[in-house]
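# Topology and contacts: notes
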Amino acid sequence: MWSRRSWIAGAAAMPAAAQPGGAKNIVISSANGIACCNIAMAHMRANKDTLDAVIAGVNVNENDPNDDSVGYGGLPNEEGVVELDASVMHGPSRRAGSVASIRNIKNPSKVAKLVMTETDHIMLVGEGALRFAKSMGFAEENLLTEKSRLAWLAWKKSHLPNWTDGVDAPMALRRLFPEASDELLAYAWDRAKNPPTGTINCLALNAKGEMSGCTTTSGLAWKIPGRVGDSPIIGAGLYVDQDVGAAGSTGRGEENIRVAGAHSIVENMRHGMSPKDAVLDVLKRISRNFNDDKARLTKFDINFYALRKDGAYAGGSLWNGQLRRTGFVSRQFAVNDGSGNSRLENCVYLYERK
Ligand code: ASP
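Procedures and definitions
- Residues numbered from 1 in each chain as written.
- Predicted model: local features only at pLDDT ≥ 70, side-chain atom pairs only at ≥ 80, totals over all residues.
- Heavy atoms only, no water.
- Disulfide = S-S within 2.5 Å.
- Buried < 20%, exposed > 50% of the residue type's maximum accessible area, 1.4 Å probe, protein only.
- Helix = DSSP H or I, 4+ residues; strand = E, 2+ residues; numbered from the N terminus.
- Arc of directions from axis to C-beta.
- Contact = heavy atoms within 4.5 Å.
- Core = buried A, V, L, I, M, F, W, Y, C linked by side-chain atoms within 4.5 Å.
- Pairing = 2+ DSSP bridges.
- Axes fitted to C-alpha atoms, helices over the stretch in contact; angles between N-to-C directions.

### Things to note about the state of the cysteines
Throughout the structure, instances matching the rule amount to zero disulfides. Sulfur of C202: no disulfide; nearest cysteine sulfur belongs to C36 and is 3.7 Å away.

### A short note on helix α5 (residues 126-135)
Listing the buried residues of α5 in full gives G126, A129, L130, F132 and A133. Looking straight down α5, one finds its buried side chains confined to an arc of 160°; they lie on one side. Exposed side of α5, more than 90 degrees from the buried face: R131 and S135 are the residues found there. Buried-residue contacts for α5 involve β3 (95-103), α4 (108-118) and β4 (123-125). Phi turns positive, to about 100°, at G137, one or two residues after α5.

### What to know about the nonpolar core
Core analysis: the biggest nonpolar cluster contains 39 residues, and I28, I265, F304 and L318 have the highest contact counts within it. The element best represented in this core is helix α11 (residues 275-288), accounting for six residues. Residues in contact with I265, not counting those within four places in the same chain, are A247, A278, V279, V282, F304 and A306. Among the nonpolar cores identified, the runner-up in size contains 20 residues, and A40, M44, A53 and C214 belong to it.

### A short note on the sheet that holds strand β7 (residues 238-241)
Sheet architecture is open: five strands sit in the order β7-β8-β9-β10-β15, paired in mixed fashion. Each edge of the open sheet carries a strand with a single partner, namely β7 and β15 (348-352). Each strand axis lies, on average, 10° off the axis of its neighbour in the sheet, ignoring direction. When β7 meets strand β8 (residues 245-251), the two strands line up antiparallel, connected through four bridges. Each residue of the ladder has a partner; that of V240, found in β8, is A246. The sheet contacts of helix α10 (residues 261-270) involve β7, β8 and β9 (302-308), and relative to β8 the element is tilted by about 145°.

Okay, here's the thing in structure tokens:
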């Protein structure tokens with residue numbers, strides 16, 4: 001008898017055309033995914049499914065309290081609550097799953113996979129997503145670390161009239177957090193003043209030509225509760241077509257949703273564009289939405305990652321470069337082609353920040 005499980009297993013068992021000319025495993029991700037790509041590659045070497053490989057990879061970031069853009073330790077919404085979004089797509093079975101605005105669950109990527117494999121739905125949100133995760137055996141935990149709580153309080157004090165008493169420097173935070181190090185206070189102040197975006201997207205292709213992808217995030221820091229970005233939106237934060245390739249995104253989700261970025265990139269590749277040109281084309285569409293006005297475009301960053309079925313890949317950004325305390329650094333993305341440790345490669349870009 002037909003069942004969802006047998007259908008998925010059947011689809012997964014279908015042979016995929018191998019990459020022409022030297023098939024190999026390839027994993028790419030956003031720049032915060034050096035360790036993620038190493039783990040994903042190790043799983044593929046051990047003949048694990050590509051989706052399990054990318055999920056194992058992004059779990060590193062979800063579990064890392066120091067990655068403040070993903071999972072545990074992610075920066076919270078404006079009420080101080082961490083809300084996570086994640087999506088998965090499995091090329092061989094041509095299926096997808098996602099969760100949005102899920103609270104108290106550290107690994108939304110795993111929940112997204114269970115939405116895909118255990119339900120007849122694609123997306124669960126908020127309270128329903130949490131209840132589903134609990135029914136699948138996930139334990140609720142507090143995802144707010146002391147570091148992210150401090151950054152949230154710094155933001156609150158600097159932006160909300162009722163919380164402001166002339167606070168305009170990290171020194172004032174010292175009264176609230178007498179034990180915190182200077183470095184931690186500087187971090188909190190920086191995050192409050194420059195609300196960061198951040199996410200991990202990871203795409204994989206194995207030597208059999210099978211592809212999968214995952215995107216997971218805590219979304220925009222200090223967002224309105226319930227705000228959902230692009231990451232869990234199939235076709236925006238992630239898209240995989242087993243016949244063509246895969247794409248994903250990090251950065252300002254609102255702009256990506258407006259161009260259905262990941263899907264548009266895959267369609268560009270379907271019509272013959274290289275991953276690099278496919279990404280640049282979608283970045284141009286985003287620019288066009290602002291009449292190419294650089295004064296407005298400079299207020300945000302957005303990045304795409306593309307991996308074609310034949311193993312060609314690219315990362316691309318609207319802007320080259322970002323200002324860090326250490327100076328100007330190029331936009332990069334992580335790659336592991338099975339030849340050793342993951343490395344960072346430079347993104348192609350549309351505009352250059354001076
Ligand atoms: N794309 C994510 C979002 O908009 C955030 C990010 O990648 O920085 O939620």
